[in-house]
Amino acid sequence: KKRTNPLELGIFFLIFFPALILGGVDDWLILIIELSVILMWSIYLLSTEKPHPSPRVERIIAVLNKIIVGLVVFLVWQITPLPTAIIKIISPHSYSFRAMFSLEAAKTGWMTISLAPYRTIKESLEILTYAFLVLLILKTIVSYRPIKRFFFALACLGAFEALYGMIELVNPHPRLLFFTKDINLEVATGTYVNQNHFSGLLEMTLPLTIGLFLAQLEGMFTPGLTWKERLLHLSEKRMAINIILGIFIILQVLGVWFSRSRSGVIVIFLEFIFFFGMMALFSRTETLRSHQTLRVLQIIFIIALIIIVYTGASSTIDRFTTEKLNQEGRFQYWTTLTRMVQDFPLWGSGLGTFAVVYPAYESGKTYGLLLHAHNDYLEFLLEIGIGGMLLLFGGIIYILINTYLGWTKRRNYKVKTMVLGGMTSILGLAIHSLTDFNLHIPANTVIFSMIISFTLILVYWRPREKRRFVPGEKDGRT
């Protein structure tokens, strides 16, 4: 009997727990995430038999190790006390900011680049947790089957969140699972407080569900089969799973729609276009399967549009008006933030310091304390500067480039569709992060970290057993 892998159980825990408990935004939830990753690493390091990633993934891990070391050094540099004379030279606005707002600044002989070192330490521990989670997954998950299970788990999470969010819309006393829902009562938010972060989750899980759905249809798309043989696949047990996945897809599309998230609606349409485009672009490799896949995608898209029109579109479309956009103040935030970035170009103001620095630059009125900039890239650029951005996003881009290059060479239909689902998920959240702060929501960042890891592993995975010859394909190629 095969033993349960505790590391896989840890991944399942991190898929569901943060998302179901308010998106993991409270400090105690973040601490549990951090402790979970530490525990998982301890189990891995103490285990006698360690998995062996593919050679290509091992080379990528080696590069990522260096990038993470560089990121650690950079973050330590931000909180290291330096002589005031040096701070004046390397980060003059860090010095002037303290001189203006701290009476003791002129008396001390030492300062840090970070304007709030305690916040930088807290945020550094969190962001490094995500980085080490990526490394752990790359080192320990080495085959197709667990990744398929994780994809299905993420599909279940997305479907549950979407269904729960829509149910709570008609509940006279709506809840966020274990908590009372006090705001955003007119929109679906699932177990999240904010509809944009709820839609951010669905933007990641929906493409994965579509990729898994198409992978399950591989038998129907096998070249050389008659229509009768294709229909026989409908009677197989696994087709019941496909029916479930099809329902999951519709639920998640509706979930985004009823969230009334402008960015969410736009991103979902862009994700469909990207999925269509990539399948069409590489349809020459497996003509019949790709053409059949495109037809299925068209059917899914049409069904989704019909349901959206039937359920009513006026309230969501109304949120796209210029008046609504101006009321929310995002343009004001971004204009102010652009000036802030110019003052801290190289080293930043310190990771996690946006909420501390922004009030000093604010020229208009903001409702309450603005904790995030509603643009992850500008916020990170302010906090860690160009130097930190090159390390943080350089590592992510490095993974994505390797994933894409591997994907273009694959011929295995299951791998092709599932990896494309993963790449589409990453693209979707990357686009949404231009107008919101999904990368600052722990549950979404955990899932984002998992997806970039799963897709990279899967694209370089090769089955060990000898593959059955399929007519119309080149023998031995996967």
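Residues numbered from 1 in each chain as written. Predicted model: local features only at pLDDT ≥ 70, side-chain atom pairs only at ≥ 80, totals over all residues. Heavy atoms only, no water.

(A) The overall build of the protein chain, seen in detail. Each helix and strand in the protein chain was counted, giving 19 helices and 4 strands. Residues counted as buried form 54% of the 478 residues belonging to the protein chain. Within the protein chain, counting contacts between residues at least 6 apart in sequence, those at least 24 apart form 78% of the total. Per element, the accessible surface of the protein chain, about 22200 Å² overall, is 68% carbon and sulfur. (Helix = DSSP H or I, 4+ residues; strand = E, 2+ residues; numbered from the N terminus. Buried < 20%, exposed > 50% of the residue type's maximum accessible area, 1.4 Å probe, protein only. Contact = heavy atoms within 4.5 Å. Areas by Shrake-Rupley, 256 points an atom, 1.4 Å probe, with all protein chains shown as cover.)

(B) The arrangement of helix 11 (residues 262-281) in detail. Over its 20 residues, helix 11 runs 28 Å from end to end, which matches the ideal 28 Å to within 8%, given 1.5 Å per residue. Every buried residue of helix 11 is accounted for by Arg262, Ser263, Gly264, Val265, Val267, Ile268, Glu271, Phe272, Phe275, Phe276, Met278 and Met279. (Expected span 1.5 Å × (residues − 1).)

(C) Representation of the pattern of salt bridges within the structure. Evaluated as defined, the whole model comprises 3 salt bridges. Here Asp27 makes a salt bridge to Lys122, at a shortest N to O gap of 3.4 Å. On the criterion of sequence distance, the pair formed by Asp27 in helix 2 (residues 27-46) and Lys122 in helix 6 (residues 117-140) is long-range, its members being 95 residues apart. Here Asp27 falls in the exposed class, since its relative accessible area comes to 51%. A salt bridge links Lys122 to Glu123, with the nearest nitrogen and oxygen atoms 3.9 Å apart. Given a relative accessible area of 36%, Lys122 falls into the partly exposed group. (Salt bridge = Lys/Arg side-chain N within 4 Å of Asp/Glu carboxyl O.)

(D) Here's a closer look at helix 18 (residues 413-432). Taking 1.5 Å of rise per residue, the 20 residues of helix 18 would be expected to cover 28 Å, and the 29 Å separating its terminal C-alpha atoms lies within 8% of that figure. Within helix 18, 16 of the 20 residues are buried, which leaves it mostly tucked inside the rest of the structure.

(E) Broad picture of the packing of helix 6 against helix 19 (residues 442-459). Close contact between helix 6 and helix 19 brings their axes to 9 Å; oriented N to C, the two are set at 25°. Comparing the axis directions of helix 6 and helix 19 gives the class roughly parallel. Considering how the two elements wind past one another, helix 6 and helix 19 form a crossing that is right-handed. Of helix 19, the residues touching helix 6 (which contributes Glu126, Tyr130, Leu133, Val134, Ile137 and Leu138) are Pro442, Thr445, Val446, Ser449, Met450, Ile452, Ser453, Phe454, Leu456 and Ile457. Tallied by class, the residues present in the contact of helix 6 with helix 19 amount to 12 nonpolar, 3 polar and 1 charged. (Axes fitted to C-alpha atoms, helices over the stretch in contact; angles between N-to-C directions. Parallel < 35°, antiparallel > 145°, perpendicular 65-115°, else oblique. Left-handed = near helix turned anticlockwise from the far one by under 90°. Nonpolar A, V, L, I, M, F, W, Y, C, P; charged D, E, K, R; others polar.)

(F) Layout of the side chain of Glu271. By secondary structure assignment, the location of Glu271 is in helix 11. What Glu271 contacts, discounting residues up to four positions off in sequence, is Glu203, Pro207, Thr424, Ser425 and Gly428.

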